[in-house]
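Structural overview for review
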Amino acid sequence: MVGCPFIVGGLILLIIFLVCLAKRNKSHKLQSQINALKDKANSWEETEILAFDPASQLNESEFKEMTDRLKKRIVVPHFNEPEKSPYGTPATFVNEVADHLTESFDFSMVKDVLGRFKHFKTVVGDIHLHFIHVVGNELHASTPIILLHGWPSTIWEFHQSIPLLRHQGYTVVAPSLPGHGFSDPPTVAGVSPAVIACAYHKLMLQLGYKRFVISGGDFGSLIGNLMTFMFPESVIGLHNTLNLAQMGWRPLLQTLVGSVLPSLVYTTEQEHKSVHPLSELKDRMYKGMAYFHVQSVIPDSYGYGMVDSPVGLIGWIGQFSNRMKSY
């Protein structure tokens, strides 16, 4: 089997060549699509920015209706259900969250906290956006920063960081993703991360911020990356909480090569074990990204239940809280 290493080496070189060729073709196609999208965004007319009171949509009667439904819920726990269920969100967790919402959650606190910030609404292209806009402390030179949340989340995750950033001299803009919080759901198809990136960039320009910092989390990291790639002249700096460097063809190639010839790629045994055997890595990715596949392919099929049932929503989003317990 003397020639085996040479065969493997030849296959690796062939894979590298094919990947580089595909990447080159894909890059040309992607650039042309981005140029077309930027041209379209430039044609979007500016619309009026209106002040918005979040309390107008935080209806206590609707919250009470939801808690009444939760009190009548039917959640059947599995027999000897483990705390870290391999089948999704445990019924015990669903019951705990439902009990918290019905017995101890302070709905008025949410209105009070959100009421501390200035909220606005506008239309960018076909997207009806809500956003928070807080001007920086006048004692400092103000630097604009746009905070981008992901899924499943809202601008609520910024309610503690906004005052801190303002005190440090930042002017904060925090938009709600389309269909999240107070931003209306898209009414047309094709509202992709790149389209949202264009809308956010257009919003910042309309507010008078030609250069700004971006901070994104989860899905917001992807949008922040796209904004930086598409509009580099506008971006002072980019901060992400999701490591997008681990995605793409290079990490995939590294994983494939490292699983066969680990010494060429990895410096520690622990790194090698994280991708070998490939079957275990595939299983982890398959289970961990199940939600993503469903939401990408047939979002409407389960979406009706999420909108109609608070228990369904707790169960779907709760899978992430359950997963965090294993890390």
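Below you will find a few notes about this structure.

A short note on the pairing of strand 4 (residues 143–148)
Among the 6 residues of strand 4, 5 are classified as buried, and the element is accordingly described as predominantly covered. In the sheet, strand 4 pairs with strand 5 (residues 170–175) via 4 bridges, with the strands oriented parallel. Across the sheet, Pro 144 pairs through a bridge with Thr 171, a residue of strand 5. For the crossover that starts at strand 4, traverses helix 5 (residues 161–167) and ends in the parallel strand 5, the hand is right-handed.

A few points about the pattern of salt bridges
This model, assessed by the stated rule, comprises 5 salt bridges. As a salt-bridge pair, Lys 111 and Glu 60 come within 3.0 Å of each other at their nearest N and O atoms. Of this pair, Lys 111 sits in helix 4 (residues 107–114) while Glu 60 is found in helix 2 (residues 60–71), placing the two residues 51 residues apart along the sequence. A relative accessible area of 23% places Lys 111 in the partly exposed class. Judged by relative accessible area, Glu 60 falls into the partly exposed class, the value being 45%.

Brief notes about the sheet that holds strand 2 (residues 119–124)
If you walk across this open sheet you meet the 7 strands as 1-2-3-5-4-6-7, and the pairing is mixed. A single partner strand is all that each edge strand has here, and the edge strands are strand 1 (50–52) and strand 7 (235–240). Taking the axes of each pair of neighbouring strands and ignoring which way they run, one obtains an average angle of 30° across the sheet. Contacts between helix 6 (residues 193–206) and the sheet are confined to strand 2, strand 3 (127–134), strand 4, strand 5 and strand 6 (212–216), with strand 3 contributing the most and set at about 45° to the helix.

Calculation criteria
Residues numbered from 1 in each chain as written. Predicted model: local features only at pLDDT ≥ 70, side-chain atom pairs only at ≥ 80, totals over all residues. Heavy atoms only, no water. Buried < 20%, exposed > 50% of the residue type's maximum accessible area, 1.4 Å probe, protein only. Helix = DSSP H or I, 4+ residues; strand = E, 2+ residues; numbered from the N terminus. Pairing = 2+ DSSP bridges. Right-handed = clockwise from strand over helix to strand, strands pointing away. Salt bridge = Lys/Arg side-chain N within 4 Å of Asp/Glu carboxyl O. Axes fitted to C-alpha atoms, helices over the stretch in contact; angles between N-to-C directions. Contact = heavy atoms within 4.5 Å.

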